[in-house]
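An overview of the molecular structure
Spelled out, the chains give:
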Amino acid sequence: MAYVPPPAPECLVTRDGTYAARLTLAADGASWLPERWALGGPEPYVVPLPGNQPEEPDAEVQPLSDGRVLIHRRAGARHTFTLLYPTGPGTGELAVGSVECPDGEALRLLPPAPGGRRAYAVAVSPGGSTAVWLVAGGLCGPEHLGEIRGRCSGGVWLDREGRMLALDRELDGRTKTVVVDLERGCEVSPLLQISADSDDRLVMADPDSGLLLIRSDAPSPGRHRLGWGVLGSTLPVRFPEGLRPAECVMTPFAVQPGQVLTPEACAVALRVDGVGGTWIGLWRPSDRRVWHVAAPPGWLTGAGVFGKDGVLRLPFATREDPCGLAAVTAPPADRPVEAAPDAASLIRPVPLQQSPLAARAAV
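All values reported here derive from a predicted model rather than from experimental measurement.

So, the sheet that holds strand β23 (residues 277-283)
Overall, antiparallel pairing links the four strands, which are arranged β21-β22-β23-β24 in an open sheet. Only two strands of the sheet have a single partner each, and these edge strands are β21 (248-255) and β24 (291-293). Strand after strand, the sheet turns through a mean of 30° between neighbouring axes, direction not considered. With three bridges connecting them, β23 and β24 associate as antiparallel partners. Bridge pairing links Ile280 to Val293 in β24.

Thoughts on the confidence of the model for the protein
In this model, the protein carries a mean pLDDT of 89, and residues with pLDDT of at least 70 account for 92%. Note that pLDDT drops below 50 for residues 335-363; the model gives that stretch 71 contacts with residues more than four away or on any other chain.

Considerations on the pairing of strand β2 (residues 19-25)
Of all seven residues in β2, six are buried; the element is thus mostly enclosed. In this sheet, β2 lies alongside strand β1 (residues 12-13) in antiparallel orientation, the contact comprising two bridges. When the sheet's bridge partners are listed, Val13 is paired in β2 with Ala20. As consecutive antiparallel partners, β1 and β2 are separated by five residues, and within that stretch Gly17 has a phi angle of approximately 75°, a positive value.

Concerning the side chain of Glu60
Looking at the element boundaries, Glu60 is found in strand β5 (residues 60-63). Within the structure, the side chain of Glu60 is placed 3.0 Å from the backbone nitrogen of Leu109, a separation counted as a polar contact. Excluding residues that lie within four positions of it along the chain, Glu60 makes contacts with Leu70, Ile71, His72, Arg74, Leu107, Arg108 and Leu109.

Quick notes on unusual backbone geometry
Most peptide bonds are trans, and most residues other than glycine sit at a negative phi. Of note in the backbone geometry, Asp172 takes a positive phi value of approximately 55° without being a glycine. With respect to the helices, strands and loops of the structure, Asp172 is situated in the loop between β14 (164-171) and β15 (174-181). A positive phi angle, close to 60°, is found at Cys186, a residue other than glycine. Mapped onto the elements of the fold, Cys186 is located in the loop between β15 and β16 (187-192).

Observations regarding the pattern of salt bridges
Tallied over the entire structure, the rule returns 15 salt bridges. Salt-bridge contacts for Arg68 lead to Asp66; the nearest nitrogen and oxygen are separated by 2.9 Å. Asp66 sits in the partly exposed class, given a relative accessible area of 45%. For Asp309, the salt bridge goes to Arg313, with nearest N and O atoms at 3.5 Å.

Some words on the sheet that holds strand β8 (residues 90-100)
Spatial strand order, β5-β6-β7-β8: four strands in an open sheet with antiparallel pairing. The sheet is open, and its two borders are formed by β5 and β8, each paired with just one other strand. This sheet shows a mean twist of 25° between the axes of neighbouring strands, independent of strand direction. Direction of pairing for strand β7 (residues 78-87) relative to β8: antiparallel, over a ladder of ten bridges. Following the sheet pairing, Leu83 is matched in β8 by Leu94.

Rules used in this analysis
Residues numbered from 1 in each chain as written. Predicted model: local features only at pLDDT ≥ 70, side-chain atom pairs only at ≥ 80, totals over all residues. Heavy atoms only, no water. Pairing = 2+ DSSP bridges. Helix = DSSP H or I, 4+ residues; strand = E, 2+ residues; numbered from the N terminus. Axes fitted to C-alpha atoms, helices over the stretch in contact; angles between N-to-C directions. pLDDT = per-residue confidence, 0-100. Contact = heavy atoms within 4.5 Å. Buried < 20%, exposed > 50% of the residue type's maximum accessible area, 1.4 Å probe, protein only. Polar contact = N/O pair within 3.5 Å; in protein donor to acceptor, adjacent residues only side chain to side chain. Salt bridge = Lys/Arg side-chain N within 4 Å of Asp/Glu carboxyl O.

Next up, the structure:
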């Protein structure tokens, strides 16, 4: 069965949970405009950021920690990057620069970086290489950081500084996760290779605990299952049965921070897509079961952030409340991690604990 990438969230949230941004339909129902959501105060509020002309539906937006919103616009082979910010009744625009991509080369923003002051993008060429760009937060416009052999997808930050980036690299017919050191010319090191014949992708990582959420077909060739491991650990990757429900697809979108060196205690929020719709799953590696809760009406699907207190905050928008933040408390961790899980659910990664860049990221 071919791998199907998870659906993109309806809005992006900064790593610290203070701001969010999304592209939404304007009041006329035909044009698109960016919005900035402020989530760090006592009450959330939204600020529309309309430009001089309607946005294209394929524009990308990303919030920064200073309250500005980066927008990525496409015009043929030219990709422009602009910072948007409210200026009284209007929208201020600060041009950052542009990147020219040859025909057939696809450029996309990476998930929000730690710190919230920089933004990165990758451009995948038809020839099978990937360029990494710093597109906002540099000294003088977009900066080409390096080239990686292979076609890269995904994008997960492994540290708190925004230096160590994990990408899923397709090379020689297989997909494996590698670590890219952005401060050493995009030096590449293997991170996740569960078996020689498996496709292994990193879905999420928590730098506090070292928890890794992984999707791989190693335990069931041809079927991509969700599992978990620990960065820098010699323990094998586990693929719990609870994360393989019938008729559903689970996609992690938030991990509880602050659980230093206790990955089993981290609460994980899952987007669950099934025949009955889309809802929220809450799970910890120490639990055998997934707790299922209804999503709030108008949930911006796939978006949310955990606090250290274990409360999951979910942005939503309805006609009555155009900017809301629902709170869901994770269930208590009431049992220790499985001491002896079934052997079939264990797959030992080859270089997960051996990668020098992985060890550096865990510091």
